[in-house]
Amino acid sequence: MKGKWMGAALIVIGLLLLLKNIFRFDFDVTLFVLGGLFLAAYFGIQKNGSRNIGYLIPGSILLFLGFNDLVMSMRLLPRSLENMAPLVFIGLAFLVIYLVSAALGPKTAHWALLVGAVLLVMAALTFIAENHWISREALALYGLPAALILIGLVILVKAVSGVGRKS
């Protein structure tokens, strides 16, 4: 059974690449199709009444990378936002993973919320540094230690207060 799915997947990928090269799309339509296929598998395939997050993760990431590629190829963003766009789109993909797993999954992927938040903060810091509001050196010298202290405080407060412990 695995061989059939693998063979079909390779044929679809090859056809998409061929169509992209023949019609010379400005953006990578393959990312949308593959992301859609993974998401269709997530929503369509259920085993013992639960969904496999292994389909949701690549589906969301590929779909949002496709949106990033589309936005960049259409030049919808000003130059000052171009460097942070991939971080924003991937961060949004992880937020979607968290939200969908919270709404539909048997277990909520709390880790995805953390990854998404970190990527969005990195995008904001990239934006700040690219627009010369704060120098990159100042961010590295003071921003990173401040972020580590803040994260450490959050973890310490959670550990001491008992929030998130299973009873």
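Source: prediction; values computed, not measured. (Residues numbered from 1 in each chain as written. Predicted model: local features only at pLDDT ≥ 70, side-chain atom pairs only at ≥ 80, totals over all residues. Heavy atoms only, no water.)

Draft legend 1. Focus on the overall build of the protein. Counting its regular elements, the protein contains 7 helices and 2 strands. Starting at the N terminus and ending at the C terminus, the protein contains elements arranged as α-α-β-β-α-α-α-α-α. Relative to the globule expectation of 15 Å for 167 residues, the C-alpha radius of gyration of the protein, 20 Å, shows a markedly less compact shape. Projected onto the principal axes, the alpha-carbon positions of the protein cover approximately 50 × 50 × 25 Å. Per-residue burial over the protein gives 21% buried out of 167 residues. Counting only contacts in the protein whose residues sit at least 6 apart along the sequence, the fraction spanning at least 24 positions is 55%. Treating the 13 positive side-chain charges of the protein as one cloud and the 6 negative ones as another, the clouds have centres 20 Å apart. (Helix = DSSP H or I, 4+ residues; strand = E, 2+ residues; numbered from the N terminus. Rg over C-alpha atoms; globule rule 2.2 N^0.38 Å. Buried < 20%, exposed > 50% of the residue type's maximum accessible area, 1.4 Å probe, protein only. Contact = heavy atoms within 4.5 Å. Lys, Arg positive; Asp, Glu negative; His and termini not counted. Charge placed at Lys NZ, Arg CZ, Asp CG, Glu CD.)

Draft legend 2. Expanded view of the packing of helix α3 (residues 53-73) against helix α5 (residues 85-104). At a minimum axis distance of 9 Å, the contact between α3 and α5 shows a crossing angle of 150 degrees. Read as a crossing pair, α3 and α5 show a hand that is right-handed. On α5, the residues that touch Ile 53, Leu 56, Ile 57, Ser 60, Ile 61, Phe 64, Leu 65, Phe 67, Asn 68, Val 71 and Met 72 of α3 are Ala 85, Pro 86, Phe 89, Ile 90, Leu 92, Ala 93, Phe 94, Val 96, Ile 97, Val 100 and Ser 101. In terms of residue class, the contact of α3 with α5 is built from 19 nonpolar, 3 polar and no charged. (Axes fitted to C-alpha atoms, helices over the stretch in contact; angles between N-to-C directions. Left-handed = near helix turned anticlockwise from the far one by under 90°. Nonpolar A, V, L, I, M, F, W, Y, C, P; charged D, E, K, R; others polar.)

Draft legend 3. Local environment of the packing of aromatic side chains. Here the structure, examined in full by the defined rule, presents 5 aromatic pairs. A centroid spacing of 5.1 Å and a plane angle of 80 degrees characterise the contact between Phe 32 and Phe 67, whose relative ring orientation is edge-to-face. Taken as a pair, Phe 32 in helix α2 (residues 29-44) and Phe 67 in helix α3 lie far apart in primary sequence, 35 residues in all. With a relative accessible area of 18%, Phe 32 lands in the buried category. Relative to Phe 43, the ring of Tyr 42 has its centre 5.1 Å away and its plane inclined at 80 degrees; by these criteria the two rings are edge-to-face. For Tyr 42, a relative accessible area of 1% corresponds to the buried category. An aromatic cluster is built from Phe 32, Phe 64 and Phe 67, whose rings are joined through pairwise contacts. (Phe/Tyr/Trp six-rings, centres within 6.5 Å; stacked < 30°, edge-to-face > 60°.)

Draft legend 4. Expanded view of the nonpolar core. Ranked by size, the top nonpolar core spans 10 residues in total: Leu 39, Tyr 42, Leu 56, Phe 94, Ile 97, Tyr 98, Val 100, Ala 109, Ala 112 and Leu 119. Counting only elements with at least two residues in this core, the list comes to α2, α5 and α6 (110-130). The residues contacting Leu 56, other than those within four sequence positions of it, are Leu 39, Tyr 42, Ile 97, Val 100 and Ser 101. (Core = buried A, V, L, I, M, F, W, Y, C linked by side-chain atoms within 4.5 Å.)

Draft legend 5. Region of interest: α3. The end-to-end C-alpha distance of α3, which contains 21 residues, comes to 30 Å, matching closely the 30 Å that a straight helix rising 1.5 Å per residue would cover. All of the buried residues along α3 are Leu 56, Gly 59, Ser 60, Leu 62, Phe 64, Gly 66, Asn 68 and Val 71. Packed against the buried residues of α3 are α2 and α5. Where α3 begins, one side-chain oxygen reaches toward the backbone nitrogen of Gly 54, 2.8 Å away; that side chain belongs to Asn 52. (Expected span 1.5 Å × (residues − 1). Polar contact = N/O pair within 3.5 Å; in protein donor to acceptor, adjacent residues only side chain to side chain.)

Draft legend 6. Quick peek at the environment of Val 71. Relative to the assigned elements, Val 71 resides in helix α3. Judged by its relative accessible area of 16%, Val 71 falls in the buried class. Sequence separation between Val 71 and Ala 85 is 14 residues; the distance between their C-alpha atoms is 8.8 Å. Residues in contact with Val 71, not counting those within four places in the same chain, are Leu 76, Leu 77 and Phe 89.

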